[in-house]
Amino acid sequence: MAENKKLLRALAGEVLDTPPIWMMRQAGRYLPEYRATREQAGDFLSLCYTPDLAAEVTLQPIRRYGFDAAILFADILLVPQALGADLWFVTGEGPRLSTITQQPDFDALKPVDAIHETLSPVYETVRILSRELPSETTLIGFAGAPWTVATYMIAGRGTPDQGPAHALREENTALFEALLDRITAATIEYLSAQIEAGAEVVKVFDSWAGSLKGEAFTKYAVEPCRIITQALKERHPGIPVIGFPREAGEGYVGFAKATGFDCVALDNSVAPEWAAEHVQVDGCVQGNLASSHMVTGGQALVDETRRILRAFSKGPHIFNLGHGITPDADPENVQLMIDTVRGG
Ligand code: 1CP
């Protein structure tokens, strides 16, 4: 392993004096240079599918801040599109997709091996990045977890409570599970292709894991992630995998062991002291400063950053936010967070 890649060292279990740091949605609308490149691309999906521009926005936060990791610029909803769903973005509102609620909707989806036709520009972005990133910066690839991706495919949009997906899993379990299996298989192929193109770590975003409770959490959050991790470990031994079961609460306990993830990313609804005791005991954790501090800044940002550093100081830790940075964030506050992590 490259000695100068701090992110890989933390993922291998090393406890560093200064943890590596990167930020969810670090390429995004809070940065003027991102807004300019997005304007040049025309729309969000063109930005995702134009390798030179997607690589450019991935590099922007690395140039500005020198983060320890770069995350490929793409979106979790490219996989549904590659499986044949219609996908478009409504300005100011978010993603829209054709819905999957009946057997014929599912039957119209493409087979897993067809996904590369749509996704090959993403692999090209990864290849560009692995050439252009500074040698100390780790390149992270990613995909959505099957449950989270399914919530969008079923509802056709983001939903506050994932109601349509919960309804389908109760009313037509066979169809729901077939959809989950298709997404799981596609995700394995997609992440494998990213690794073959040069991704050094991959992250699985289960942003809506928190709405699965009890046995449903085990079946639909843990199990698909375990299948993905196992397949990736067989094909690409040594490539670390980060899991993010957002708002899992008590579900974070034992999650790394149950899924095989090398690192569990924590949202900011869990106290770092609690997570150090109950989650970090099993290995590396990532997180978990509330992204609202990137808007409000000041002493509260510094104090909370130091609290998180202290709480996780005895085990392997990657500093990050608890969720993505928001468009109203102040770029100066990002610098303040980095200075606090690196400078004490
Ligand atoms: O206007 C814009 O420029 C679009 C905003 C945007 C961006 C910057 C979207 C639309 N996606 C992205 C990029 C993105 N999405 C990345 C790139 C790398 C980085 O972090 O810098 C990543 C990792 C994602 C992942 C993603 N997309 C998730 C999982 C993480 C999370 O935030 O919970 C989810 C749920 C999505 C779906 C999505 N894409 C975009 C939006 C606005 C949403 C959320 C939709 C909703 O539920 O309302």
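The structure under discussion appears in the preceding block.
Reading the values: rules and limits
Residues numbered from 1 in each chain as written. Predicted model: local features only at pLDDT ≥ 70, side-chain atom pairs only at ≥ 80, totals over all residues. Heavy atoms only, no water. Near = heavy atom within 4 Å. Polar contact = N/O pair within 3.5 Å; in protein donor to acceptor, adjacent residues only side chain to side chain. Areas by Shrake-Rupley, 256 points an atom, 1.4 Å probe, with all protein chains shown as cover. 1 Å grid on protein atoms, 1.4 Å probe; cavity = no way out; pocket = protein on both sides within 12 Å on 5 of 7 lines; lining within 4 Å. Sits in = over half its atoms within 2 Å of the grid points. Points joined across faces, edges and corners; volume = space filled by probe spheres on them. Helix = DSSP H or I, 4+ residues; strand = E, 2+ residues; numbered from the N terminus. Nonpolar A, V, L, I, M, F, W, Y, C, P; charged D, E, K, R; others polar. Pairing = 2+ DSSP bridges. Phe/Tyr/Trp six-rings, centres within 6.5 Å; stacked < 30°, edge-to-face > 60°. Buried < 20%, exposed > 50% of the residue type's maximum accessible area, 1.4 Å probe, protein only. Lys NZ or Arg CZ within 6 Å of the ring centre and 35° of its normal. Salt bridge = Lys/Arg side-chain N within 4 Å of Asp/Glu carboxyl O. Contact = heavy atoms within 4.5 Å. Core = buried A, V, L, I, M, F, W, Y, C linked by side-chain atoms within 4.5 Å. Expected span 1.5 Å × (residues − 1). Bend = angle between axes of the 7 residues up to and from the residue.

**Student:** Could you clarify how one ought to interpret the site of the ligand in this entry?
**Tutor:** Residues in close proximity to the ligand total 23 residues, the closest being Tyr34, Arg38, Asp75, Tyr152 and Ser207. Here an oxygen atom of the ligand and a side-chain polar atom of Tyr152 are 2.5 Å apart. In isolation the ligand offers 900 Å² of accessible surface; the protein chains occlude 87% of this area. Structurally, the ligand is housed in the largest pocket.

**Student:** What am I meant to see in the layout of surface pockets here?
**Tutor:** By rolling a water-sized probe across the atoms, one finds the places where empty space is left. Here the largest pocket is characterised by a volume of approximately 1300 Å³. Taken together, 43 residues make up the lining of the largest pocket; nearest its centre are Arg25, Arg29, Phe44, Asp75 and Phe89. When contributions to the lining of the largest pocket are tallied by element, the ones reaching two or more residues are α2 (32-41), α3 (44-49), β2 (87-90), β3 (94-97) and α8 (146-155). It is β3 that provides the largest number of residues to the lining of the largest pocket, a total of 3 residues. Counted by class, the lining of the largest pocket contains 22 nonpolar, 12 polar and 9 charged residues. Its residues assigned to classes, the lining of the second largest pocket shows 9 nonpolar, 4 polar and 3 charged.

**Student:** Teacher, can you tell me more about the pairing of β3 here?
**Tutor:** Remember that side chains alternate between the two faces of the sheet whenever the strand is regular. When β2 meets β3, the two strands line up antiparallel, connected through 4 bridges. Along β3, the bridge assignment pairs Phe89 with Pro95.

**Student:** Hey, could you run me through the packing of aromatic side chains in this one?
**Tutor:** Two numbers describe a pair of aromatic rings. These are the distance of the centres and the angle of the planes. This structure, assessed with the given rule, holds 11 aromatic pairs. Seen from their ring centres, Phe142 and Phe205 are 5.5 Å apart, and the 90 degrees between their planes marks the pair as edge-to-face. Placement of Phe142 in strand β4 (residues 138-144) and of Phe205 in strand β5 (residues 201-206) is noted, with a sequence separation of 63 residues between them. The exposure class of Phe205 is buried, given its relative accessible area of 13%. Plain terms: the ring middles of Phe205 and Phe244 are 6.2 Å apart, the flat faces sit at 85 degrees to each other, and that makes the pair edge-to-face. You can see Phe205 sitting in strand β5 and its partner Phe244 sitting in strand β6 (residues 241-245), a full 39 residues away along the chain. What makes Phe244 buried here is its relative accessible area of 1%. Ring pairing ties together the aromatic residues Tyr34, Phe44, Phe73 and Phe89, which thus form one cluster. Between Lys203 and the ring centre of Phe244, over which it is positioned, the NZ or CZ distance is 4.8 Å. Lying across the ring of Trp208, Arg246 places its NZ or CZ 5.0 Å from the centre.

**Student:** Even after reading the chapter, I still don't get the pattern of salt bridges, so can you show me in this structure?
**Tutor:** In the structure shown here, the tally under the stated rule is 15 salt bridges. Of the charged contacts in the structure, one is a salt bridge between Arg127 and Glu124, with a shortest N-O distance of 3.1 Å. One end of the pair is Arg127 and the other is Glu124, both in helix α7 (residues 115-132) and 3 residues apart, which spans about a single turn. A relative accessible area of 29% places Glu124 in the partly exposed class. Glu247 is the partner of Arg246 in a salt bridge, and the nearest nitrogen-oxygen pair spans 3.6 Å. A residue is classified by how much of its surface remains accessible, and Glu247, at 44% relative accessible area, is partly exposed.

**Student:** How should unusual backbone geometry be read in this particular structure?
**Tutor:** Glycine aside, residues mostly have negative phi angles, and peptide bonds mostly take the trans form. For the bond running from Gly287 to Asn288, omega is -10 degrees, close enough to zero to count as cis. Within the secondary structure, Asn288 is located in strand β8 (residues 284-289). Positive phi values are uncommon outside glycine, yet Arg25 reaches one of about 60 degrees. Relative to the helices and strands, Arg25 resides in the loop between α1 (6-11) and α2. Not every positive phi belongs to a glycine, and Glu247 is a case in point at roughly 60 degrees.

**Student:** So what exactly am I meant to see when it comes to the side chain of His317 here?
**Tutor:** Mapped onto the fold, His317 is located in strand β9 (residues 317-321). Here His317 falls in the buried class, since its relative accessible area comes to 5%. At 2.9 Å, the side chain of His317 forms a polar contact with the backbone oxygen of Gly287. Once residues within four sequence positions are removed from consideration, His317 is found in contact with Ala10, Pro19, Pro20, Gln280, Cys284, Val285, Gly287, Ile308 and Phe312.

**Student:** For this particular structure, what's the right way to read the nonpolar core?
**Tutor:** Across soluble globular proteins, nonpolar side chains show a tendency to be buried alongside one another. Within the largest apolar cluster, 128 residues are counted, with the highest numbers of intra-cluster contacts made by Leu78, Tyr190, Val334 and Met337. Excluding its chain neighbours within four sequence positions, the residues that come into contact with Val334 are Met23, Tyr30, Tyr65, Phe67, Met294 and Ile325.

**Student:** Can you help me understand α7 in this one?
**Tutor:** Owing to its 3.6 residues per turn, the α-helix brings residues three or four apart onto one side. Helix length check: α7 (18 residues) gives 26 Å between terminal C-alpha atoms against 26 Å at 1.5 Å per residue, within 8%. Along α7, the sharpest change in direction is near 35 degrees and occurs at Pro121. Buried within α7 we find Ile115, Leu119, Pro121, Val122, Tyr123, Thr125, Val126, Ile128 and Leu129. Packed against the buried residues of α7 are α3, α4 (51-65), α5 (78-82), β4 and α10 (173-197).

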